[in-house]
Amino acid sequence: MSEAVIRTVTSPPGLLAPLDPLLREWLPRQRWFAGKGRPVTGFSLVAATELLPADSRLGLHHLLVRAHRQLAPAPGAPEEPGDCYQLLIGTREALPPRLAPALIGHVTEGPSAGRTAYDALYDARPAEVLLEALRSRARVGGLRFEREGDGEIRPGLVPRLMTAEQSNSSVVYGDTFILKLLRRIVPGVNPDLELPLALAREGCPRVPAPAGWMVADLADRSWVLGVLQPYVQGATDGWDLALRELAKGEDFVAEAHALGRATAEVHTALARALPTVTLGHAQARQLADGMIRRLDEAARAVPLLRSYAPALRTAFTALADLAAEGRAWDAQRVHGDLHLGQCLRSPDGAWSLIDFEGEPARPLAERRLPQPTVRDVAGMLRSFDYAAHSAEVPVPGWAESCRAAYCTGYAETGGRDPRTDPVLLRAYETDKAVYEVLYEARHRPDWLPVPLAAVRRLSAPEPV
Ligand SMILES: Nc1ncnc2c1ncn2[C@@H]1O[C@H](COP(=O)(O)OP(=O)(O)O)[C@@H](O)[C@H]1O
Ligand SMILES: O=P(O)(O)O[C@H]1O[C@H](CO)[C@@H](O[C@H]2O[C@H](CO)[C@@H](O)[C@H](O)[C@H]2O)[C@H](O)[C@H]1O
């Protein structure tokens with residue numbers, strides 16, 4: 001069905017056109033904007049819902065917009081309909097100074113002419129509107145707000161927008177709940193809701209259980225827009241904790257061991273809750289081919305990677321060779337983008353895993369495929385390496401001792417040591433390092449040396 005048919009415009013008409021030039025300038029500057037590197041040429045409206053009337057002191061519009069981009073960063077290049085983004089746009093007569101970081105621009109035409117448009121998530125009242133909608137299981141236009149179970153969502157929880165570097169945007173309510181608003185949205189079952197829900201229903205305590213979620217129903221398809229979870233109070237994420245220990249010259253062995261156990265616990269629960277499969281020759285071949293394709297794409301985009309590509313490719317051909325010899329692998333649903341920043345340690349020492357969205361750049365269908373659990377293990381091993389490289393004063397052997405402790409912890413709880421399958425582990429670690437090269441080149445060029453160091457190590461004849 002075409003997008004022209006799926007519009008559920010309950011906002012005043014003509015809202016998007018006046019915002020268009022403002023959004024073109026503002027959207028590409030947002031950390032969560034995925035289409036960096038190619039100019040935004042315009043927007044089309046997928047859905048608009050008025051949450052607070054446009055002419056009130058504070059107007060509030062929920063917009064789903066498709067950002068059109070040029071196919072190449074050259075003047076006159078053809079354009080394509082790009083990704084769909086969720087925006088919560090507030091309008092006020094004037095913006096108080098505390099909302100200055102939220103400024104999108106001044107609207108000169110249409111129903112909001114003369115007002116200032118801003119990212120409403122920075123503002124308390126719009127954030128309260130969302131929580132209230134979840135609390136009351138509201139239906140507004142095509143938007144559906146759901147709650148899980150009978151757990152109480154108290155009114156009056158004070159919201160604050162998280163300022164951490166994120167792929168999405170999160171609002172914390174009174175240190176009790178956290179609402180993650182997905183920014184780049186896709187139709188279909190979203191693993192960021194699907195997996196925590198399945199794990200909660202399985203009784204797995206390692207993942208905060210969804211307390212509610214927000215969905216847009218458009219053209220017979222559901223688009224998950226946000227997930228509300230209990231806020232893990234006083235938690236420190238694994239990345240900050242690791243850097244803190246590194247700064248003191250301390251090892252991280254006990255925590256890495258506990259993280260290995262937590263990862264295995266989550267994997268065991270996911271294997272119970274959702275389908276598992278065996279990857280035979282054809283599927284393992286496809287897996288290796290996908291890794292080779294991603295390497296080729298990354299090497300095209302990042303010239304610094306090119307000279308390593310032939311050596312890196314051997315990690316993937318070794319996997320294909322094992323498959324051709326008849327080796328099969330168990331596969332199941334996994335986290336898909338596990339790293340230290342996705343692990344939260346409560347003050348009592350318990351670890352929780354968060355953010356089951358998978359690698360945001362991959363298509364949803366691919367992110368939901370069963371995969372060998374080694375994929376998540378490889379993600380964590382890479383993360384210890386990242387932390388070690390980010391230390392101001394290097395601590396010799398730090399990453400290696402973490403890697404060993406993590407695998408030991410994983411084996412104790414999961415029953416299988418990931419190191420017993422070195423070909424699969426190397427293939428996944430290489431695939432992750434290649435992904436990181438591309439990710440850093442696009443988002444944080446200063447960090448590029450970190451995955452490039454891994455690329456050098458992994459392309460050595462006998463990688464260590
Ligand atoms: N349940 C939670 N309790 C406490 N903090 C959380 C929780 N979920 C997420 N966070 C914090 O929010 C940050 C961003 O969450 P995440 O799900 O990783 O979002 P994104 O996909 O946008 O990166 C995390 O790094 C963590 O600090
Ligand atoms: O957390 P996100 O879902 O946004 O994941 C993306 O961003 C991560 C960085 O914030 C990136 O992770 C890489 O850097 C981390 C240190 O900042 C490091 O711990 C990870 O091992 C490394 O992969 C992640 O790859 C990306 O998908």
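For the chain, the name recorded in an unreviewed UniProt entry is Maltokinase, with Streptomyces lienomycini as its organism. What UniProt states about the chain under its Pathway (unreviewed entry) heading is, verbatim, "Glycan biosynthesis; glycogen biosynthesis." Its UniProt record, at the heading Catalytic activity (unreviewed entry), says of the chain: "D-maltose + ATP = alpha-maltose 1-phosphate + ADP + H(+)".

(A) Main features of the overall build of the chain. Helices and strands together make up the secondary structure of the chain, namely 13 helices and 18 strands. Relative to its length of 464 residues, the chain is compact, with a C-alpha radius of gyration of 23 Å against a globular reference of 23 Å. Referenced to the eigenvectors of the C-alpha coordinate spread, the extents of the chain come out at roughly 65 × 55 × 45 Å. When the 464 residues of the chain are sorted by exposure, 54% land in the buried category. A total accessible area of about 19700 Å² is found for the chain, and carbon and sulfur atoms account for 54% of it. Within the chain, one finds 53 positive and 57 negative side-chain charges whose respective centroids are separated by 2 Å.

(B) Main features of the site of ligand 1. As a structural note, the neighbourhood of ligand 1 is formed by 17 residues, with Gln166, Asn168, Lys180, Val232 and Asp355 the closest of them. With respect to ligand 1, the backbone of Val232 contributes an N or O atom lying 2.8 Å from a nitrogen atom. Residue Asp355 places a side-chain N or O atom 2.9 Å away from an oxygen atom belonging to ligand 1. Computed on the free molecule, ligand 1 has an accessible area of 550 Å², of which 88% lies beneath the protein chains in the complex. At the level of secondary structure, the elements contributing two or more residues to the shell around ligand 1 comprise β10 (177-181) and β13 (221-230).

(C) Broad picture of the site of ligand 2. Close to ligand 2 lie 14 residues, the nearest being Ser167, Asp337, Ser383, Tyr435 and Glu436. Between an oxygen atom of ligand 2 and a side-chain N or O atom of Ser383, the distance comes to 2.7 Å. The side chain of Tyr439 places a nitrogen or oxygen atom 2.8 Å from an oxygen atom of ligand 2. Across the complex, the protein chains shield 92% of the 540 Å² of accessible surface that ligand 2 would expose by itself.

Calculation rules
Residues numbered from 1 in each chain as written. Chains lettered and ligands numbered in written order. Predicted model: local features only at pLDDT ≥ 70, side-chain atom pairs only at ≥ 80, totals over all residues. Heavy atoms only, no water. UniProt positions renumbered as here; feature names shortened; annotations may be inferred. Helix = DSSP H or I, 4+ residues; strand = E, 2+ residues; numbered from the N terminus. Rg over C-alpha atoms; globule rule 2.2 N^0.38 Å. Buried < 20%, exposed > 50% of the residue type's maximum accessible area, 1.4 Å probe, protein only. Areas by Shrake-Rupley, 256 points an atom, 1.4 Å probe, with all protein chains shown as cover. Lys, Arg positive; Asp, Glu negative; His and termini not counted. Charge placed at Lys NZ, Arg CZ, Asp CG, Glu CD. Near = heavy atom within 4 Å. Polar contact = N/O pair within 3.5 Å; in protein donor to acceptor, adjacent residues only side chain to side chain.

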